[in-house]
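Structural overview for review
The primary structure of each chain is shown beneath.
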Amino acid sequence: MSNRSETPKTLFDRLWDTHAIVTREDGETLIAIDRHFVHEGSHHAFAKIAEKGRPVARPDLTFGIADHYVPTRNRASGIADPTIRGMVDKLIANTTRERVHLFGLEDRRQGIVHVVGPEQGLTLPGLTIVCGDSHTSTHGALGAWAFGIGASEVAHVLMTQTLWQRKPKTMRVRVDGAFQPGVGAKDLALTLIARIGADGAQGHVVEYAGEAVRSLSIEGRLTLCNLSIESGARCGLVAPDGTTIAYLRGRPYAPSGALFDEAAEHWLGLASDADATFDRELVLDASEIAPVVTWGTSPEEALPITGSVPDPATISDPARAAQYAASIDYMGLRPGMALSDITIDRVFIGSCTNARIEDLRAAAAVLAGSKASVPGFVSPGSSLVKRQAEEEGLDRIFIEAGLEWVDSGCSMCVGMNGDILAPGERSASTTNRNFKGRQGPGSRTHLMSPAMVAAAAITGKLADMRPFLAGRTAQ
Amino acid sequence: MTPFTQLQTIGCPLPVANIDTDQLIPARFMSRSRKDGYGDYLLHAQRFAEDGTPRADFPLNDPKFAGAQVLVALRNFGSGSSREAAVYALADYGFRCVIAPSFGDIFAANSVNNGVLPARVSDADARMLIDLLAEHPSIQIDLETQRITVGNHVVDFTIDPVWRMKLLNGWDDLDLTASYAADIAAFQTRDAKARPWVSTEGGD
Ligand code: SF4
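Residues numbered from 1 in each chain as written. Chains lettered and ligands numbered in written order. Predicted model: local features only at pLDDT ≥ 70, side-chain atom pairs only at ≥ 80, totals over all residues. Heavy atoms only, no water.

1. Quick look at the sheet that holds strand S18 (residues 426-429) of chain A
Residues and elements named next belong to chain A.
- Taken in spatial order, the five strands of this open sheet run S17-S16-S15-S18-S19, and their pairing is parallel. Each edge of the open sheet is held by one strand with a lone partner, namely strand S17 (404-405) and strand S19 (444-447).
- As paired strands, strand S15 (residues 346-349) and strand S16 (residues 376-378) are joined by three bridges and run parallel to one another. Bridged to Val-347 within S16 is Gly-376.
- Each of S18 and S19 touches helix H11 (residues 318-331); the most contacted strand, S19, lies at about 110 degrees to it. (Pairing = 2+ DSSP bridges. Helix = DSSP H or I, 4+ residues; strand = E, 2+ residues; numbered from the N terminus. Contact = heavy atoms within 4.5 Å. Axes fitted to C-alpha atoms, helices over the stretch in contact; angles between N-to-C directions.)

2. Focus on the domain arrangement of chain A
Residues and elements named next belong to chain A.
- Segmentation of chain A into domains returns domain 1 (12-168 + 241-262), domain 2 (169-238 + 273-288) and domain 3 (293-469).
- The interface of domain 1 with domain 2 comprises 25 residues on the first partner and 20 residues on the second.
- Together, the buried faces of domain 1 and domain 2 total about 1,900 Å²; carbon and sulfur atoms form 57% of this surface.
- Interface area lost by domain 1 to domain 2 is led by Ser-137, Ala-141 and Pro-168, which between them contribute 26%.
- At the junction of domain 1 with domain 2, the criterion picks out four salt bridges.
- The partner of Asp-241 in a salt bridge is Arg-221, and the shortest N-O contact between them spans 2.8 Å.
- Run the count over domain 1 and domain 2 and you get 12 residue pairs in polar contact (both at pLDDT 80 or more).
- No other element matches the four residues that strand S7 (residues 145-148) contributes to the side of domain 1 that touches domain 2.
- Within the side of domain 1 that touches domain 2, the residues separate by chemical class into 12 nonpolar, nine polar and four charged. (Domains from an automatic or database assignment. Buried area = accessible area lost by both parts, 1.4 Å probe. Salt bridge = Lys/Arg side-chain N within 4 Å of Asp/Glu carboxyl O. Polar contact = N/O pair within 3.5 Å; in protein donor to acceptor, adjacent residues only side chain to side chain. Nonpolar A, V, L, I, M, F, W, Y, C, P; charged D, E, K, R; others polar.)

3. With respect to the interface of chain A and chain B
- Tallying the contact residues gives 77 residues for chain A and 55 residues for chain B.
- Counting the surface lost from both chain A and chain B, the interface buries some 5,000 Å², and carbon and sulfur atoms represent 55% of this.
- At the junction of chain A with chain B, the criterion picks out six salt bridges.
- In this structure, Arg195(B) engages Asp34(A) in a salt bridge whose closest nitrogen and oxygen atoms are separated by 2.9 Å.
- With six residues, the top contributor of residues to the side of chain A that touches chain B is helix H5 (residues 151-160) of chain A.
- In the side of chain A that touches chain B, the residues fall into 30 nonpolar, 23 polar and 24 charged.

4. Observations regarding the site of the ligand
Residues and elements named next belong to chain A.
- Every residue near the ligand is listed here: His-68, Ile-112, His-114, Asp-133, His-135, Ser-351, Cys-352, Cys-410, Cys-413, Val-414, Asn-432 and Arg-438.
- Across the shell around the ligand, the residue classes break down as five nonpolar, five polar and two charged.
- The two domains that each donate at least three residues to the shell around the ligand are domain 1 (12-168 + 241-262) and domain 3 (293-469). (Near = heavy atom within 4 Å.)

5. Description of the side chain of Asn18(B)
- Inspection of the secondary structure puts Asn18(B) in the loop between strand S1 (6-14) and helix H1 (21-24).
- Its relative accessible area of 7% is what places Asn18(B) among the buried residues.
- For Asn18(B), the contacting residues outside a window of four places in its chain are Ala198(A), Ser298(A), Glu300(A), Gln323(A), Gln23(B), Arg75(B) and Asn76(B). (Buried < 20%, exposed > 50% of the residue type's maximum accessible area, 1.4 Å probe, protein only.)

Set out below in structure tokens:
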């Protein structure tokens, strides 16, 4: 029931056409922006607009969220660290002055921007959504064109509610078949990134399609689109379907009543035409995907947990061999060692990649009744997710396992709030970047799904979560 | 913004792939004000040992490459976060151009918005330039002809033609957008009727 026209269109074509204000001779197109999220890190952009003496053009379409720097402990007593308090205060001052709604620390809806947007229904299909954060790609899970931007672009959007863009190339990743029990979006994304490289989708918008993608919940699709940027794509997309509509109905900022039905009809018509063509196509088989972990310092350095650390001596491409040798050295590993022999110091369950309610349920399903053999903490993706988890008793499972149950924020995904690893420490983490120093100077990060982090917490090593699920209800 | 046309300078080789923005500027420095300059934070963990002393084996600390305004690296330079501070760190250190086989999309856009040229070359050319610079660090960049010259070697680079024009002329997007104010207003009126659900009024 897609909107037929002479030339078949992709979902992205429709998003582009809807938002194109003018196209210059050189092909640059002025794109209208429907939602703009700002956070503590947006202070450079607010400084720029202050310098120009210009106000925020559309405060009604701009939303502030305190997430990047917020403390995850002892919030009631205020923020002790003066630098961090300064960052949050600056956001409060900037949003107050510009009449921008802020989901601040006291707000019961506070959380990580890419969790709160969908949760509140601010993220809707067919919208353009930008934020000064590369994981803005997350929102594409609902069929929105969502991408991260730099401070100059943030300032431009604040002042004009538009951005100049060149039409990117399109790539469709079709995932056929069904996932094995316990395997899901995180494993799929890491498998894809390992296959095409951390720059494999640069310059492209990636549309995820196929039976396995359709079978994912919105939460799984959010994880998948979140990780698009780690393959170099600025934006990932999943076409809106019945799952999308059901998820959105009744969300606070989503339309309601007849307007919702009218919108839903429009959203369902956004899907790519069956005969639409993409610049690139890739097909994966979900049934072949195993639980994946990263071993190196780029998300492309990922392998099934049953594998072993590569041996640079056996790699013919000298540049690749040098890259792997450097990663192995930084990570403190031995070439050829089994991934399941890697011992960890800490676990972290959190971030906009994997801290929604389903993620916490998946981790708790593995951890229930067990003790963690390493310390670690769980930071829910939003304060509402935290509350729901507590209503479901998930917090008890984490606490009884010996993990800390803390407040919501970016936390150890990026370490800006002081939640960091000690130099040389190794984490099993549900986050999105295993970059050198990402979780603190000298930190070593292994990325994996929440269930895999839970298994690592129990064994103290990177571990296959599948045996832990045996005899329990599969996720 | 200062226009970028030609550059005759020192080129610093950095034979590393996947230099992400967390390496270019660690997150803990990003709360600082730009006024203080971001140059000292650039590639901080790579440049300095834990005790703060410069690592002698890191190219940026090699006196031979002092004053370099061009950095040559391997694939996927500037991948990762959207932090424009990564470009501030490069620019404040003195770099005006980065040469690599591929760039993070957001990083490349941020570079252009700060007058820093992201010049794309083939993998083989990047490696050749790195080898050449290790011997003779003098390099010439011409944006008009899209050419890099080191000694007798000439290498072509690519850049999005619109970005090239922006850099050559020192244009700022905002100045361009200002002339389309009427189009923006007309679009908004039209769009509010076509997609009434975009409004956030119901929410709070
Ligand atoms: S959780 Fe990490 S990736 Fe997500 S918005 Fe925060 S810093 Fe960015």
